[in-house]
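# Per-entry structural report
Residues per chain are reported as follows:
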Amino acid sequence: MWAAAAVALTLLALMPLIGDMPQAALGAIIIVTAARLVDLAALRRLWRIRRADFALAAVTALGVLGVLAFGVLQGIAVGVIVSLLEVLRRAVMPYTAVLGRTGEEHAYRDVANYRDAETLPGLVVYRFDAPLFFANADVLRTELRRLMTVGEPPVRQIVLDAEAVYDMDTTGVETLHRVVDDCDQAGVRLALARARTPVRNLMRDTGLDQRVQFFHRVADAVAAYRADHPGLQPAPQPARPHRRSPLDRLRALLARRRSGV
C-alpha cells in the first residue's frame, strides 16, 4: 500500500515534466512497467499458500493492468482500496476459536485443528484474535451466546483468552457487560485469561473487573474450574467442532440485530 502511494505521489510530481512526451512513447513505458509489476510465479505461490492473499493480489494486478483502459492513478487506486477493504474485513470478522489442552500441560490450541485437544464438560475456552471495538464487538457476543446455547452438556463457565485483545474501545467494554448479563441469565460464569494491562485498566474504570474473574494463564482458569468440579474427565470431541464461515457469522449477526436482542 505504501509503495502504491509512493508511485502515485511520484506520478503527480513528474507529470509536468513528461507532459510533452509523445503519447506513443509514454504509453509504451506504462505498458512495459505495468506488465513487470505482475509476478505470475508469486501469484501461483499465493494460490497454494493462502487463497485470500491470492485474491487480493489478483485484484491489485488487474487494477495495475487496468491503466491501459482507465489510467495510471485509477489502476493504483484499485489496489489501495481493495487492500483497505481486506484490512477492514479482517478486523470486523476476526479469527475465533474454541481451545482445548494438547499434550503440553499449558498449551491450549484450536480444537478444529487439533483433534486430540482435550476439553472439559461444561467449560468453554474461547479465543478472540483481534482488538475489541465497535465494528466487531457484536461478533464476540453472538459467538458466546451461540456456544452457551448449543453446549452439551450445558455450559457452566466460559474462559475468554484475551491475549490477542490488545486494545478495546468503550463499545467493546459495553459489549462485555452485556456478555456478563447473558452469562448471568444462563447461569454461566465468565472469566478472562491473559488480559493485557491497558485492557484491564479500562475494565477497572468501568467496573467490569468486579463482574468477572481474571487469571494470568488459561491453564490457571482451567485448574480453578477443575477444583470447583472435582472428578471431571476430558470430554470427547464433537463430530463438527466450533468453526463457522464468515458468511454464517454475518447472517447470525444480521438475524440478532433484526430481532433487537
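Since this is a predicted model, take the numbers as computed values, not measurements. (Residues numbered from 1 in each chain as written. Predicted model: local features only at pLDDT ≥ 70, side-chain atom pairs only at ≥ 80, totals over all residues. Heavy atoms only, no water.)

Next up on the list: the packing of helix 7 (residues 137–150) against helix 8 (residues 170–186). Contact geometry for helix 7 and helix 8: axes closest at 9 Å, N-to-C directions at 10 degrees. Judged by the angle between their axes, helix 7 and helix 8 are roughly parallel. You can see that helix 7 and helix 8 cross each other, and the crossing is right-handed. In this structure, helix 7 contributes Ala 137, Leu 140, Arg 141, Leu 144, Arg 145 and Met 148 to the contact, and helix 8 contributes Thr 171, Gly 172, Thr 175, Leu 176, Arg 178, Val 179, Asp 182, Cys 183 and Ala 186. (Axes fitted to C-alpha atoms, helices over the stretch in contact; angles between N-to-C directions. Helix = DSSP H or I, 4+ residues; strand = E, 2+ residues; numbered from the N terminus. Parallel < 35°, antiparallel > 145°, perpendicular 65-115°, else oblique. Left-handed = near helix turned anticlockwise from the far one by under 90°. Contact = heavy atoms within 4.5 Å.)

This part covers the pattern of salt bridges. Across all of its chains, the model carries twelve salt bridges by this definition. Across the pair Asp 228 and Arg 189 runs a salt bridge whose closest N-O atoms are separated by 3.2 Å. With a gap of 39 residues between them, Asp 228 in helix 10 (residues 218–228) and Arg 189 in strand 5 (residues 189–193) connect regions that are remote in the sequence. Judged by relative accessible area, which is 45%, Asp 228 ranks as partly exposed. Taken together, the shared-partner salt bridges connect Arg 141, Arg 145 and Asp 182 into one network. (Salt bridge = Lys/Arg side-chain N within 4 Å of Asp/Glu carboxyl O. Buried < 20%, exposed > 50% of the residue type's maximum accessible area, 1.4 Å probe, protein only.)

Here we come to the sheet that holds strand 3 (residues 123–128). The six strands are arranged 2-1-3-4-5-6 in an open sheet whose pairing can be described as mixed. Both edges of this open sheet fall to strand 2 (108–110) and strand 6 (213–215), since each of them pairs with a single strand only. Adjacent strand axes in the sheet meet at a mean angle of 35 degrees when their direction is disregarded. (Pairing = 2+ DSSP bridges.)

Here the bond from Glu 152 into Pro 153 is cis, since omega is 0 degrees, no more than 30 degrees from zero. Here Pro 153 is to be found in the loop between helix 7 and strand 4 (157–161). The phi dihedral of Arg 194 is positive, around 60 degrees, even though this residue is not glycine. Inspection of the secondary structure assignment puts Arg 194 in the loop between strand 5 and helix 9 (197–205). Residue Arg 194 is classed as partly exposed on the basis of its relative accessible area of 32%.

Looking now at the pairing of strand 5. Most of strand 5 is tucked away, with four of its five residues classed as buried. As judged from the five bridges shared by strand 4 and strand 5, these two strands associate in the parallel manner. Paired with Leu 160 across the two strands is Leu 192, which belongs to strand 5. Running through helix 8, the crossover from strand 4 to the neighbouring parallel element strand 5 is right-handed. Pairing of strand 5 with strand 6, which is carried by three bridges, proceeds in the parallel orientation. If you follow Ala 193 over to strand 6, its bridge partner there is Phe 215. For the handedness criterion, the β-α-β arrangement of strand 5, helix 9 and strand 6 is classed as right-handed. (Right-handed = clockwise from strand over helix to strand, strands pointing away.)

Before going further, it helps to spend a moment on the packing of aromatic side chains. Enumeration according to the criterion identifies one aromatic pair in this entry. With centroids separated by 5.3 Å and ring planes inclined at 90 degrees, the aromatic side chains of Phe 133 and Phe 134 adopt a geometry described as edge-to-face. A residue is classified by how much of its surface remains accessible, and Phe 133, at 21% relative accessible area, is partly exposed. The lysine or arginine in question, Arg 109, covers the ring of Tyr 114, its NZ or CZ lying 5.7 Å from the ring centre. One cation-aromatic arrangement involves Arg 200 over Phe 214; the distance from NZ or CZ to the ring centre is 3.9 Å. (Phe/Tyr/Trp six-rings, centres within 6.5 Å; stacked < 30°, edge-to-face > 60°. Lys NZ or Arg CZ within 6 Å of the ring centre and 35° of its normal.)

Right, let's get into the pairing of strand 4. Across the five residues that make up strand 4, a large majority, five, are buried. The alternating pattern of strand 4 places Gln 157, Val 159 and Asp 161 and Ile 158 and Leu 160 on opposite faces, both of which are buried. Of the pairings in the sheet, the one linking strand 3 to strand 4 comprises five bridges and is parallel in character. Looking at strand 4, one finds that Val 125 is bridged to Val 159. Between the parallel elements strand 3 and strand 4, the chain passes through helix 7 in a crossover that is right-handed.

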